[in-house]
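Residue strings, one per chain:
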Amino acid sequence: MCDVRASLLGTIRRMPIDRMNRGLAAAALLASMLALSGCSSTIADMAMPADAPARQKDANGYLPVHDIPPDRADPTIKPADQAKIEQELVAARDRQAQAQAATAAQSGK
């Protein structure tokens with residue numbers, strides 16, 4: 001019974017030091033967060049290089065998500081190239097199906 005009390009007293013005596021360490025760590029974390037939060041405004045106000053394009057000053061501040069680019073006049077892939085790609089894909093699918101069937105037949109023996 002005395003050993004249990006001694007071990008409990010040892011942990012009770014260490015608790016204030018552990019709390020103090022946690023408190024110091026929390027204070028250091030809070031101080032670093034406050035220090036770094038001040039950097040965000042200064043980064044935005046930094047001078048841009050001379051060859052950088054000028055920033056657009058938008059009145060409302062939102063991105064133009066509804067401005068859709070015009071349709072292309074010519075197709076991106078020519079119909080002959082598209083047909084060739086489709087034939088290659090069909091051939092690859094058939095080869096994979098044959099390989100899978102051969103593997104299943106070998107493992108089924």
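Residues numbered from 1 in each chain as written. Predicted model: local features only at pLDDT ≥ 70, side-chain atom pairs only at ≥ 80, totals over all residues. Heavy atoms only, no water.

Looking at the overall build of the chain
Our working definition: Helix numbering and strand numbering both begin at the N terminus, where a helix is a DSSP run of H or I of at least 4 residues and a strand a DSSP run of E of at least 2. Relative accessibility under 20% of the residue-type maximum defines a buried residue, over 50% an exposed one, and the middle range a partly exposed one, all with a 1.4 Å probe and only protein chains included. All accessible-area figures derive from a Shrake-Rupley calculation using a 1.4 Å probe, and residue coverage is judged against the displayed protein chains alone.
Summing up its helical and strand segments, the chain has 3 helices and 0 strands in all. Seen in sequence order, the chain has helices and strands lined up from the N terminus as α-α-α. Of all 109 residues assigned to the chain, the portion counted as buried reaches 0%. Surface accessibility of the chain: about 10800 Å² in total, with carbon and sulfur atoms responsible for 62%.

Points about a nonpolar patch on the surface
Convention followed: Think of a patch as exposed residues, more than 30% relative accessible area, with no salt bridge, where like charges cluster within 9 Å and nonpolar side chains (Val, Leu, Ile, Met, Phe, Trp, Tyr) cluster within 5 Å. Salt bridge, as used here: a side-chain nitrogen of Lys or Arg that lies within 4 Å of a carboxyl oxygen of Asp or Glu.
Nonpolar side chains collect at one region of the surface, where Ile77, Ile85 and Leu89 lie side by side and expose about 270 Å² of accessible area between them. Mapped onto the elements, Ile85 comes out in helix H3 (residues 79-108). Judged by relative accessible area, Ile85 falls into the partly exposed class, the value being 40%.

Quick word on the confidence of the model for the chain
Low pLDDT means the predicted coordinates in that region are not meant to be read closely. Quick note on the threshold: A score from 0 to 100, pLDDT tells how confident the predictor is in each residue.
Averaged over every residue, the pLDDT of the chain is 78; residues scoring 70 or more account for 68%. At the level of individual helices and strands, the chain shows its lowest average pLDDT in helix H2 (residues 39-44), which scores 60, and its highest in H3, which scores 94.

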